[in-house]
Amino acid sequence: MSVLHARQTIREQVAQLITPLTTTAGRVYTTRHHRLDQSKLPCLLVYVLEENVDRSAFSKFRTLERTLIVRIEGAARATSDLDDTLDSIGGEVEFALGGQLPAGVEEFYLQNVQIDYTSEGDVPLGVIKMDWFCRYRQTIAQPEEAGDTILVANAVLDGGTF
């Protein structure tokens, strides 16, 4: 049986929300490692930087509060209007996600933005890195009943649960 971790589901939901953006034209990849040749630029990469887990002692069902940082990295070919392109990518992402909460998520907001340039690789690139804070909860089984197994988060995605 294959079960998607809530972290993967959140990452995929974020990617769905930003796929229709104009500047990146549907070039959205849910991985931190993707070969970026000129035909795939400009694009967005969506991945998780880190996740912290805190066990709540006050819940009857014993829950885990999880906070993760979802990074959305926009990449564009370095041209004379690079900064304008990166600002457009950042603005479109912020607009698309600003009023959205992925299913099952309690809190989701932009926490940090970094803009950089790299000449490594085949194509000189400008990069905008946007870190989004995300908080959600999971219920855990009673240790004596299920060997401290983590259950998948109680959230709804497209009419089903994950």
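Everything discussed here concerns the structure shown above.
Residues numbered from 1 in each chain as written. Predicted model: local features only at pLDDT ≥ 70, side-chain atom pairs only at ≥ 80, totals over all residues. Heavy atoms only, no water.

## Some details on the overall build of the chain
Spelled out, the test is: Helix and strand definitions here come from DSSP, where helices need a minimum of 4 consecutive H or I residues and strands a minimum of 2 consecutive E residues; each element is numbered from the N-terminal end. Relative accessibility decides the category of a residue: with a 1.4 Å probe and only protein chains considered, values under 20% of the type maximum give buried, values over 50% give exposed, and everything between is partly exposed. We call two residues in contact when some of their heavy atoms are within 4.5 Å.
A tally of regular secondary structure across the chain gives three helices and seven strands. Beginning at the N terminus, the succession of helices and strands in the chain can be written as α-β-β-β-α-β-β-α-β-β. Within the chain, the fraction of its 162 residues that count as buried is 43%. Taking as baseline every contact in the chain between residues at least 6 positions apart, the subset at least 24 positions apart corresponds to 60%.

## Details of unusual backbone geometry
A cis geometry characterises the amide bond from Leu41 onward to Pro42, with omega recorded as -10°. For Pro42, the position within the fold is in the loop between β1 (28-29) and β2 (43-55). Backbone geometry at Ala25 places phi at a positive 50°, although glycine is not the residue there. Take Ala25: it is sitting in the loop between α1 (6-18) and β1. Assessed through its relative accessible area of 48%, Ala25 is described here as partly exposed.

## Focus: the environment of Ile128
By the secondary structure assignment, Ile128 is in strand β5 (residues 125-139). Along the chain, Ile128 and Ala75 lie 53 residues apart, while their C-alpha atoms are 6.6 Å from each other.

## Observations regarding the environment of Thr67
With respect to the element layout, Thr67 can be found in strand β3 (residues 63-77). Taking relative accessible area as the criterion, Thr67 reaches 16% and is therefore assigned buried.

## Concerning the pairing of β2
Moving residue by residue along a regular strand, the side chains alternate between the two faces of the sheet. Spelled out, the test is: We call two strands paired when DSSP finds no fewer than two bridges between them.
In the sheet, β1 pairs with β2 via two bridges, with the strands oriented parallel. Residue pairing in the sheet places Tyr29 in a bridge with Leu45 of β2. The pairing of β2 with β3 spans 12 bridges and is antiparallel. Directly across from Cys43, in β3, lies its bridge partner Ala75.

## What about the packing of α1 against helix α2 (residues 82-98)?
Relative placement of two packed helices is described by the angle separating their axes and the distance separating the axes. Just so we agree on the cut-off: Only C-alpha atoms enter the line fits that serve as axes; for helices the fit covers just the stretch in contact. Angles between N-to-C directions range over 0 to 180 degrees. Helix crossings fall into two classes, left-handed where the near helix is turned counterclockwise from the far one by less than a right angle and right-handed where it is turned clockwise. Polarity classes work like this: nonpolar for Ala, Val, Leu, Ile, Met, Phe, Trp, Tyr, Cys and Pro, charged for Asp, Glu, Lys and Arg, and polar for all others, with Gly in that last group.
Put simply, α1 and α2 touch, their axes get as near as 9 Å, and they point 115° apart. Once α1 is placed against α2, the crossing between them reads as right-handed. Across the interface between the two elements, Val14, Leu17 and Ile18 of α1 pack against Val93, Ala96 and Leu97 of α2. Each residue belonging to the contact of α1 with α2 can be placed in one class, and the counts come to six nonpolar, no polar and no charged.

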